[in-house]
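Take a look at the letters that make up each chain.
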Amino acid sequence: MKKILIAATAAMLATGAGLFGASAADKLKVGFIYLGPVGDLGWTYQHDLGRLTMLKEFGDKVETTFLENVSEGPDSERSIEQLARAGNKLIFTTSFGYMEPTLKVAKKYPNVHFEHATGYKRDKNMSTYSGRFYEGRYIQGIIAAKMSKAGVLGYIASFPIPEVISGINATMLGAQTINPNIKVKIIWANTWFDPGKEADAAKALIDQGADVIMQHTDSPAPMQIASERGKLAFGQDSEMIKFGPKTQLTSIMDNWGPYYIERVKAELDGTWKSEDFWGGLKSKIVVMAPYTNMPDDVKKLAEETEAAITEGKLLPFKCPVIGQDGKEVECKGGTHLDDGQVLGMNFYVKGIDDKIPGK
Amino acid sequence: MGLIEAIILAVLAASTPLLLAATGELVTERAGVLNLGVEGMMIVGAACGFGGAWLSGSIIIGALCGIVAGVLMSLIFALMALGLAVNQVATGLALTILGVGLSGLIGARFVGEKISPAPHLYIPGLTDIPLVGRILFGEDAFVYLSLALVAGVWFFLYRTRAGLILRAAGDNHASAHALGYPVLRIRMFAVMFGGACAGLAGAYLPLAYTPFFIPGMTAGRGWIALALVVFASWLPGRLVIGAYLFGAVTILQLHAQGWGVGVPSQLMSALPYLATVIVLVLISRARTGGSTAPAALGTVFVPDR
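Considering the overall build of chain A
Right, so step 1: Across its full length, chain A carries eleven helices and 13 strands.
Right, so step 2: For chain A, the spread of C-alpha atoms along the three principal axes comes to 70 × 45 × 35 Å.
Right, so step 3: Split into buried and exposed, the 359 residues of chain A put 53% on the buried side.
Right, so step 4: Taking as baseline every contact in chain A between residues at least 6 positions apart, the subset at least 24 positions apart corresponds to 65%.

Some points on the confidence of the model for chain A
Right, so step 1: Model confidence for chain A is summarised by a mean pLDDT of 89, while 93% of its residues fall at 70 or above.
Right, so step 2: A low-confidence stretch, residues 1–23 of chain A (pLDDT under 50), is modelled with 25 contacts involving residues beyond four sequence positions or located in other chains.

Let's talk about the interface of chain B and chain A
A common way to report how large an interface is uses the accessible area buried once the components associate.
Right, so step 1: Chain B puts 35 residues into the contact, and the matching count from chain A is 35 residues.
Right, so step 2: At the level of elements, helix H1 (3–30), helix H4 (88–107), helix H9 (183–209), helix H11 (236–259) and helix H12 (265–286) of chain B are the ones that each hand at least two residues to the side of chain B that touches chain A.
Right, so step 3: Looking at the side of chain B that touches chain A element by element, the count peaks at six residues for H11(B).
Right, so step 4: Classifying every residue of the side of chain B that touches chain A gives 19 nonpolar, 15 polar and one charged.

Notes on the packing of helix H2 (residues 38–56) of chain B against H4(B)
All names here are of chain B.
Right, so step 1: As a packed pair, H2 and H4 sit with axes 7 Å apart at the nearest point and diverge in direction by 15°. The angle between H2 and H4 falls in the class roughly parallel. Considering only the axes of H2 and H4, their crossing is left-handed. Only Leu95, Thr96, Ile97, Leu98, Gly99, Val100, Leu102, Ser103, Ile106 and Gly107 of H4 make contact with H2, whose side of the interface consists of Glu39, Gly40, Met41, Ile43, Val44, Ala46, Ala47, Cys48, Phe50 and Gly51.
Right, so step 2: Grouping the amino acids of the contact of H2 with H4 by side-chain chemistry returns 13 nonpolar, six polar and one charged.

Remarks on the pairing of strand E2 (residues 28–33) of chain A
Residue and element names in this part refer to chain A.
Right, so step 1: One ladder, built from six bridges, connects E2 with strand E3 (residues 62–67); its direction is parallel. Residue Val30 lies in a different strand from E3, and its bridge partner there is Thr64.
Right, so step 2: Note: E2 against strand E4 (residues 90–93), four bridges, orientation parallel. Across the sheet, residue Gly31 finds its bridge partner in E4, namely Ile91.

Some remarks on helix H3 (residues 59–83) of chain B
Right, so step 1: Compared with the 36 Å implied by 1.5 Å per residue over 25 residues, the 34 Å span of H3(B) between its first and last C-alpha is a close match.
Right, so step 2: Immediately downstream of H3(B), the backbone of Ala85(B) shows phi near 55°, a positive value.

Focus on the domain arrangement of chain A
All names here are of chain A.
Right, so step 1: On domain assignment, one finds that chain A holds domain 1 (4–131) and domain 2 (133–251 + 288–343).
Right, so step 2: The straight-line distance from the C-alpha centre of domain 1 to that of domain 2 is 31 Å.
Right, so step 3: With twelve residues of domain 1 at the contact, the number on the domain 2 side is twelve residues.
Right, so step 4: Element by element, the count of residues in the side of domain 1 that touches domain 2 is highest for helix H2 (residues 43–58), at three residues.
Right, so step 5: Broken down by class, the residue content of the side of domain 1 that touches domain 2 amounts to six nonpolar, five polar and one charged.

Comments concerning the nonpolar core
Note on soluble globular proteins: their nonpolar side chains tend to be buried together.
Right, so step 1: Counting residues in each nonpolar core, the largest one holds 188 residues, and the members touching the most others are Ile187(A), Ala202(A), Ala21(B), Ala22(B), Tyr204(B) and Leu228(B).
Right, so step 2: Here this core takes 18 residues from H9(B), the largest share from any one element.
Right, so step 3: There are two domains that each give this core at least three residues, and those are domain 1 (4–131) and domain 2 (133–251 + 288–343) of chain A.
Right, so step 4: Those residues in contact with Ala21(B), other than ones at most four positions away along the chain, are Val38(B), Met42(B), Cys197(B), Ala198(B), Ala201(B), Arg221(B), Gly222(B) and Ala225(B).

Some words on the environment of Glu328(A)
Residues and elements named next belong to chain A.
Right, so step 1: Here Glu328 lies in the loop between helix H10 (296–310) and helix H11 (339–343).
Right, so step 2: Judged by the 12 C-beta atoms lying within 10 Å of it, Glu328 is exposed.
Right, so step 3: A sequence separation of 78 residues divides Glu328 from Thr250, and the C-alpha atoms of the two residues are 31 Å apart.
Right, so step 4: Those residues in contact with Glu328 that sit more than four places away from it in its chain are Pro320 and Ile322.

Focus: the confidence of the model for chain B
Predicted coordinates in regions of low pLDDT should not be interpreted in detail.
Right, so step 1: This prediction gives chain B a mean pLDDT of 90; 97% of its residues lie at or above 70.
Right, so step 2: Confidence metrics for the complex model read pTM 0.85 and ipTM 0.85.

Regarding H4(B)
All names here are of chain B.
Right, so step 1: Compared with an ideal rise of 1.5 Å per residue, which puts 20 residues at 28 Å, H4 spans 27 Å between its outermost C-alpha atoms and is within 8% of the ideal.
Right, so step 2: Turning to H4, its buried residues number three or more, namely Gln88, Thr91, Gly92, Leu95, Thr96, Gly99, Val100, Gly101, Ser103, Gly104 and Gly107.
Right, so step 3: Tucked inside the fold, the buried residues of H4 contact H2 and H3.

About the cut-offs
- The numbers attached to residues start from 1 for each chain and follow its sequence in the written order.
- Going through the entries in the order they are written, you letter the chains from A and number the ligands from 1.
- In keeping with the predicted nature of the model, local features appear solely for residues at pLDDT of at least 70, side-chain atom pairs appear and are counted solely at 80 or more, and the whole-chain, interface and lining totals rest on all residues.
- Secondary structure elements follow DSSP: runs of H or I no shorter than four residues count as helices, runs of E no shorter than two count as strands, and numbering proceeds from the N terminus.
- The exposure label follows from counting other C-beta atoms within 10 Å of a residue's C-beta, where the C-beta atoms are placed from the backbone and the thresholds are 20 or more for buried and 12 or fewer for exposed, leaving partly exposed in between.
- Placing C-beta atoms from the backbone, we regard two residues as in contact once those atoms come within 7 Å.
- Values of pLDDT, ranging from 0 to 100, describe the predictor's confidence in every residue of the model.
- Under the convention adopted here, Pro, Cys and the residues Ala, Val, Leu, Ile, Met, Phe, Trp and Tyr are nonpolar, Asp, Glu, Lys and Arg are charged, and Gly plus all remaining residues are polar.
- With axes taken as lines fitted to C-alpha atoms, and helix axes fitted only over the stretch in contact, angles between N-to-C directions fall between 0 and 180 degrees.
- Every angle not falling under 35 degrees, over 145, or within 65 to 115 is termed oblique; those three ranges are roughly parallel, roughly antiparallel and roughly perpendicular.
- Each crossing gets its handedness from the near helix: less than a right angle anticlockwise from the far helix is left-handed, clockwise is right-handed.
- Strand pairing is assigned whenever DSSP identifies at least 2 bridges connecting the two strands.
- Take the number of residues in a helix, subtract one, and multiply by 1.5 Å to get its expected span.
- Domain start and stop positions are those given by an automatic or database domain assignment.
- A set of buried residues drawn from Ala, Val, Leu, Ile, Met, Phe, Trp, Tyr and Cys, joined through C-beta atoms within 7 Å, is what defines a nonpolar core.

Here it is in structure tokens:
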């Protein structure tokens, strides 16, 4: 069911005349592997926006190709290798599940540089990059606790991986600063993208009493359900206010453009090296959508929190962090949990009345 | 609105696209044709259905666009599998791949747009009946249409001569042909009916379920519809049970998670499929005397002249 779209087609047609002069071979070829369709309005959409921003920056020095709807797991290996074989010198694989396949292909093609999003395995020619989305989640937690009348938040989660778990924890830590007794109901959809199922999960959460809905899945369906039922919700990955003009409080938006520009520039300059990049509000990889549908004092609080996190004055995972068992979590970063602890997070904080699936 | 009522309403909505698509496929298979392209016809129906509704502002026109799109897709299948006698399995799979790509192309300009969903019925007096009113008289019209469709299909297959002939074409095409029935034409109409139902099922998603279009939004529901036909052992009545059972387990597992039932969510998500497999095994064990599948299902028929 894999659909292959050569994004470069248009670019190639446009520069068709140039083929006689400067050859297309002078261009740096950059490849992208996408999990969903570019029109998913969420995760993949934002990566593609980043790609387009980058293209705009470099003009005809760069040529890009993307493969969309590439399912995670071993099957993606072929797609990644296909890009490597087609002469792409820099390849971005944009989902957690591509980690092992990317690593495998990277070993096979030592002269090609790979960039894997949200993973933790690196190699000489394989970088990782991700966003500190938990910073945005902390702000959302504060807003949610302020806005929830029932004191019950509804959380639609995707898969129990550290990124998602740290998001839930950050939300609760933020919410607990406002209401120590706040409750969260968590439903795992076990998918990143299934509008129908996400809608059903949102309905279930609202029917069970949640009045602020947040999601870690990719479609605007939960926002729309919340809007239909007159509840409040947070968008995910991109601006979703269109689907809930009176519903969206804010949205954590992934802004990959600056990173893609930086890395492609390094590749062009010949200074690319394997790195581990993890940017948040400060590096503008994580951007908050305008704060809407809330009173001024809540908006002000949200803006202050955002500023404090951006300046590094407020750390969402500042110690002490108390686990579900009531014991303090080891504080490896001195004043806060260190990056390794957040990237590998597999525990819930105190106040979450649930269990991590499969644990 | 009580919780149980809310759950039942969610189950009705979740089951309807499955029931619609499966009903069409049941008729197609009863005529002896295995069309694995349900997912492809559905997603094109979703794209065209949304496009039609968005451009015209009418849910009914949207639904009609979905139906027409499904029929057109099924005609591609009919041309290949019936006209040119190409392998049905391969053609059906190709139709799905084509549909996924085509829907992305058609739907590209509608991504990010939204419409107001199909209205919920309101019949004064009836819808206000406590407990059952909202369930029996208060969902969108598609829900009741799908049930009426199953009833109609049952009546057609078992109470009309045309239905008997259709089943004959599916069970023994050579005999039906020898008796002078136009097997290929019968099969073509069955395939078109399947396409219309799949198109409508696909259109239900952006018109009533989640009122926007996004590529890939059917998310495998076409495959579930195919499985439901087997589950129902090709009987319309069992199809209703199967679709609602699947929908119920899907919704209940979400609620169970919200209540904090201590079962891993991965297992919960697999439950609808597990339940289907278990019931399937039970049915086939309880049955004596072989399979109930149409005897000529999936076989190519080329009339001798």
